[in-house]
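# Descriptive structure summary
Given next are the chains, with one letter for each unit.
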Amino acid sequence: MERLQLHSQIKGVSTGTTILAVKFNGGVIIGSDSRASMGESYVSSKTINKLIQVHDRIFCCISGSLADAQAVTKMAKFQLSFHSIQMDSPPLVKAAASIMKELCYNNKEELQAGFITAGWDRKKGPQIYTVALGGMMLSQPFAIGGSGSTYIYGYVDAKFKPDMTLEEATQFSKNALALAMGRDNVSGGVVHLVVITEAGAKHVVVPGDKLPKFHNE
């Protein structure tokens, strides 16, 4: 009985999502679906915004335990603001990702959350960093994560190309998220996209009925 109870508790914290980020010529797009789930099939919310702004031109998208992810991003946002005041300049994207990495590594036994940090800064322009469970950090030209990402590795590997235009990167993001949402039962709702450039950040919401269709749904 004790073993069965433990197994049910472990399954209860399983969550689902699809998140991505992709660089284009002059900026970066970060995006996600909007569905929050509990267990393997219970949808607790259809309207979660998983794109968290940690500074003017720096965003994180979250996967895993929503409570853990929100706690980490809240702490990172505070530390990044303090760092910006100390340096008397906007923070670097890598600095934001490094703060996330440190928080995840120092609390790796308690946290069940992963992050994609993306943004633009004056030093390196558009950048994307993946911070995985345990605190590993990687810089990539594009990144995907969450349960829905397992369905779209082939698509993003085949369709990504360097120096895409904004229109190409937007369509790439919509297609990838639509494909994942069509196959993953715990990804869905609307698509949230944030376009980040030197000029600032623009948030776009794409309703489900406006997403590309690839098969009968």
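Residues numbered from 1 in each chain as written. Predicted model: local features only at pLDDT ≥ 70, side-chain atom pairs only at ≥ 80, totals over all residues. Heavy atoms only, no water.

## Describing the pattern of salt bridges
Tallying each qualifying case throughout the model produces two salt bridges. We note a salt bridge from Asp-33 to Lys-50, for which the minimum N-O separation is 2.8 Å. Here Asp-33, found in the loop between strand 2 (27–32) and strand 3 (36–38), pairs with Lys-50, found in the loop between strand 4 (42–45) and strand 5 (51–55); they are 17 residues apart in sequence, far enough to count as distant. Of the two residues examined, Asp-33 and Lys-50, each falls in the buried class. As a salt-bridge pair, Lys-161 and Glu-168 come within 3.2 Å of each other at their nearest N and O atoms. By relative accessible area, Lys-161 is classed as partly exposed at 39%. (Salt bridge = Lys/Arg side-chain N within 4 Å of Asp/Glu carboxyl O. Helix = DSSP H or I, 4+ residues; strand = E, 2+ residues; numbered from the N terminus. Buried < 20%, exposed > 50% of the residue type's maximum accessible area, 1.4 Å probe, protein only.)

## A closer look at helix 2 (residues 66–87)
Counted at 1.5 Å a residue, the expected span for helix 2 with its 22 residues is 32 Å, and the 31 Å between its end C-alpha atoms agrees. Three or more residues of helix 2 are buried, namely Asp-68, Ala-69, Val-72, Thr-73, Ala-76, Leu-80 and Ser-84. Buried positions in helix 2, seen along its axis, are confined to an arc of 120° and lie on one side of it. For helix 2, the exposed residues lying more than 90 degrees away from the buried face are Ala-67, Lys-74, Phe-78, Ile-85 and Gln-86. (Expected span 1.5 Å × (residues − 1). Arc of directions from axis to C-beta.)

## Concerning the UniProt feature "active site" (unreviewed entry) in the protein
In the numbering adopted here, UniProt assigns the feature "active site" (unreviewed entry) to Thr-17. Its location among the elements puts Thr-17 in the loop between helix 1 (2–12) and strand 1 (19–24). Under the relative-accessibility criterion, Thr-17 is labelled buried at 4%. Ignoring any residue separated from it by four or fewer positions in sequence, one finds Thr-17 in contact with Asp-33, Lys-50, Ile-62, Ser-63, Gly-145, Gly-146, Ser-147, Gly-148, Asp-184, Val-186 and Ser-187. One polar contact links Thr-17 to Asp-33, side chain to side chain, over a distance of 3.0 Å. (UniProt positions renumbered as here; feature names shortened; annotations may be inferred. Contact = heavy atoms within 4.5 Å. Polar contact = N/O pair within 3.5 Å; in protein donor to acceptor, adjacent residues only side chain to side chain.)

## A few points about the nonpolar core
Val-22, Ile-29, Val-156, Met-164, Phe-172 and Val-191 are the most contacted members of the largest nonpolar core, which totals 24 residues. When residues of this core are traced back to their parent elements, those giving at least two are strand 1, strand 10 (142–145), helix 4 (153–159), helix 5 (166–183) and strand 11 (191–197). In contact with Val-156, other than residues within four places in its own chain, are Phe-142, Ile-144, Phe-172 and Ala-176. Counting 20 residues, the second largest nonpolar core, distinct from the first, contains Cys-60, Ile-99, Leu-103 and Val-131. (Core = buried A, V, L, I, M, F, W, Y, C linked by side-chain atoms within 4.5 Å.)

## Brief notes about the side chain of Ser-149
Note on placement: Ser-149 falls in the loop between strand 10 and helix 4. In this structure, Ser-149 is in contact with Thr-18 and Ile-144, ignoring residues within four places of it in sequence.

## Considerations on the packing of helix 2 against helix 3 (residues 93–106)
A pair of packed helices can be characterised by two numbers: the angle between their axes and the separation between those axes. Here helix 2 crosses helix 3 at 135°, and the two axes come no closer than 10 Å. Regarding the angle of helix 2 to helix 3, the classification is oblique. Considering the relative orientation of helix 2 and helix 3, their crossing is right-handed. Listed contacts from helix 3 to Val-72, Thr-73, Met-75, Ala-76, Gln-79, Leu-80 and His-83 of helix 2 are Ala-95, Ala-96, Ile-99, Met-100 and Leu-103. Here the residues of the contact of helix 2 with helix 3 are counted per class, giving nine nonpolar, three polar and no charged. (Axes fitted to C-alpha atoms, helices over the stretch in contact; angles between N-to-C directions. Parallel < 35°, antiparallel > 145°, perpendicular 65-115°, else oblique. Left-handed = near helix turned anticlockwise from the far one by under 90°. Nonpolar A, V, L, I, M, F, W, Y, C, P; charged D, E, K, R; others polar.)

## Details of the sheet that holds strand 10
Strands sit in the order 10-1-2-11-12 across an open sheet of five strands; the sheet is antiparallel. Edge positions in the open sheet fall to strand 10 and strand 12 (200–206), since each of these has one partner strand only. On average, adjacent strands in this sheet sit at an angle of 15° to one another, irrespective of strand direction. Pairing of strand 2 with strand 11 involves six bridges; the strand directions are antiparallel. The partner of Gly-31 across the bridge, within strand 11, is Leu-193. On the sheet, helix 5 packs against strand 1, strand 2, strand 11 and strand 12 and is oriented at approximately 165° with respect to strand 1. (Pairing = 2+ DSSP bridges.)

## Overview of the pairing of strand 6 (residues 58–64)
In terms of burial, strand 6 is a largely internal element, six of the seven residues being buried. Pairing of strand 5 with strand 6 involves four bridges; the strand directions are antiparallel. When the bridges of strand 6 are listed, Leu-51 appears paired with Cys-61. Between strand 5 and strand 6, which follow one another and run antiparallel, lie two residues. Alignment of strand 6 against strand 7 (residues 113–121), held across seven bridges, turns out to be antiparallel. What sits directly across from Ile-62, in strand 7, is Phe-115.

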